[in-house]
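Each chain, letter by letter, is given below.
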Amino acid sequence: MKDRFLPHEFFKALGDPTRLSIIQLLHAKQSLCVCDIIDTLKQPQSTVSRHLNQLKTLGILTSERKGTWMWYAINADLADWCQAVITALPAFNAEAA
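Residues numbered from 1 in each chain as written. Predicted model: local features only at pLDDT ≥ 70, side-chain atom pairs only at ≥ 80, totals over all residues. Heavy atoms only, no water.

Participant: Teacher, can you tell me more about the nonpolar core here?
Facilitator: Soluble globular proteins tend to bury their nonpolar side chains together. Of all hydrophobic cores here, the largest spans 24 residues; its most connected members are Ile-37 and Leu-61. Looking at this core, the elements that each hand over two or more residues are helix H1 (7–14), helix H2 (17–29), helix H3 (34–41), helix H4 (45–58), strand S3 (69–74) and helix H5 (80–88). Each residue touching Ile-37, except ones within four places of it in the same chain, is listed here: Ile-22, Leu-25, Leu-26, Leu-32, Val-48, Leu-52 and Tyr-72. (Core = buried A, V, L, I, M, F, W, Y, C linked by side-chain atoms within 4.5 Å. Buried < 20%, exposed > 50% of the residue type's maximum accessible area, 1.4 Å probe, protein only. Helix = DSSP H or I, 4+ residues; strand = E, 2+ residues; numbered from the N terminus. Contact = heavy atoms within 4.5 Å.)

Shown next, in the form of structure tokens:
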């Protein structure tokens with residue numbers, strides 16, 4: 001997992017404002033239900049789900065089903081440089097999302 005993708009794929013994923021907001025939010029909260037991500041970002045479920053799926057496909061996020069909801073978190077197995085970039089991001093600002 002640590003070298004699953006190339007740096008340009010990681011930065012391209014972070015280049016989208018919605019995906020960047022998701023990463024910042026999950027970094028701040030550790031793990032969130034998809035319903036909470038939708039509520040915080042104030043975007044349609046289909047839009048948020050599409051971005052979550054892209055981040056999960058790249059291996060940036062992990063997911064776990066709890067009852068009827070999916071919970072997402074930043075993948076703990078990300079390469080150290082990816083973790084460092086995420087940690088260096090500014091704090092999540094819900095108003096900017």
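Participant: Would you mind showing me how to read the packing of aromatic side chains here?
Facilitator: The description of two aromatic rings rests on the distance between their centres and on the angle between their planes. For the structure shown, the criterion picks out 3 aromatic pairs. Measuring from ring centre to ring centre gives 5.4 Å for Phe-10 and Phe-11, while their planes differ by 80°; the resulting arrangement is edge-to-face. Residue class for Phe-10 comes out buried when judged on its relative accessible area of 0%. Classification of Phe-11 as partly exposed rests on a relative accessible area of 43%. Among the aromatic residues, those joined into a ring-pair cluster are Phe-10, Phe-11 and Trp-81. Geometry around Trp-71 places Lys-66 over its ring, the cationic atom sitting 4.8 Å from the centre. (Phe/Tyr/Trp six-rings, centres within 6.5 Å; stacked < 30°, edge-to-face > 60°. Lys NZ or Arg CZ within 6 Å of the ring centre and 35° of its normal.)

Participant: Sorry, what's going on with unusual backbone geometry here?
Facilitator: Among all residues except glycine, the phi angle is most often negative; among peptide bonds, the trans geometry is most common. Phi angles above zero are rare outside glycine, and Gln-30 is one such case at about 75°. Mapped onto the fold, Gln-30 is located in the loop between H2 and strand S1 (31–33). Taking the relative accessible area as the measure of exposure, Gln-30 reaches 58% and is therefore exposed. For Lys-42, which is not glycine, the phi torsion reads 55° and is therefore positive. Of note, Lys-42 is situated in the loop between H3 and H4. Residue Lys-42 is classed as exposed on the basis of its relative accessible area, which comes to 73%.

Participant: Even after reading the chapter, I still don't get H2, so can you show me in this structure?
Facilitator: Note that an α-helix has 3.6 residues per turn; residues three or four places apart therefore point the same way. The terminal C-alpha atoms of H2, which comprises 13 residues, lie 18 Å apart, in line with the 18 Å expected from a rise of 1.5 Å per residue. Taken residue by residue, H2 has Thr-18, Arg-19, Ser-21, Ile-22, Ile-23, Gln-24, Leu-25 and Leu-26 as its buried positions. The N-cap residue of H2 is Asp-16: its side-chain oxygen and the backbone nitrogen of Thr-18 are 2.9 Å apart. Phi for Gln-30, located one or two positions after H2, is positive at around 75°. (Expected span 1.5 Å × (residues − 1). Polar contact = N/O pair within 3.5 Å; in protein donor to acceptor, adjacent residues only side chain to side chain.)

Treat this as a map of the structure, not an account of what it does.
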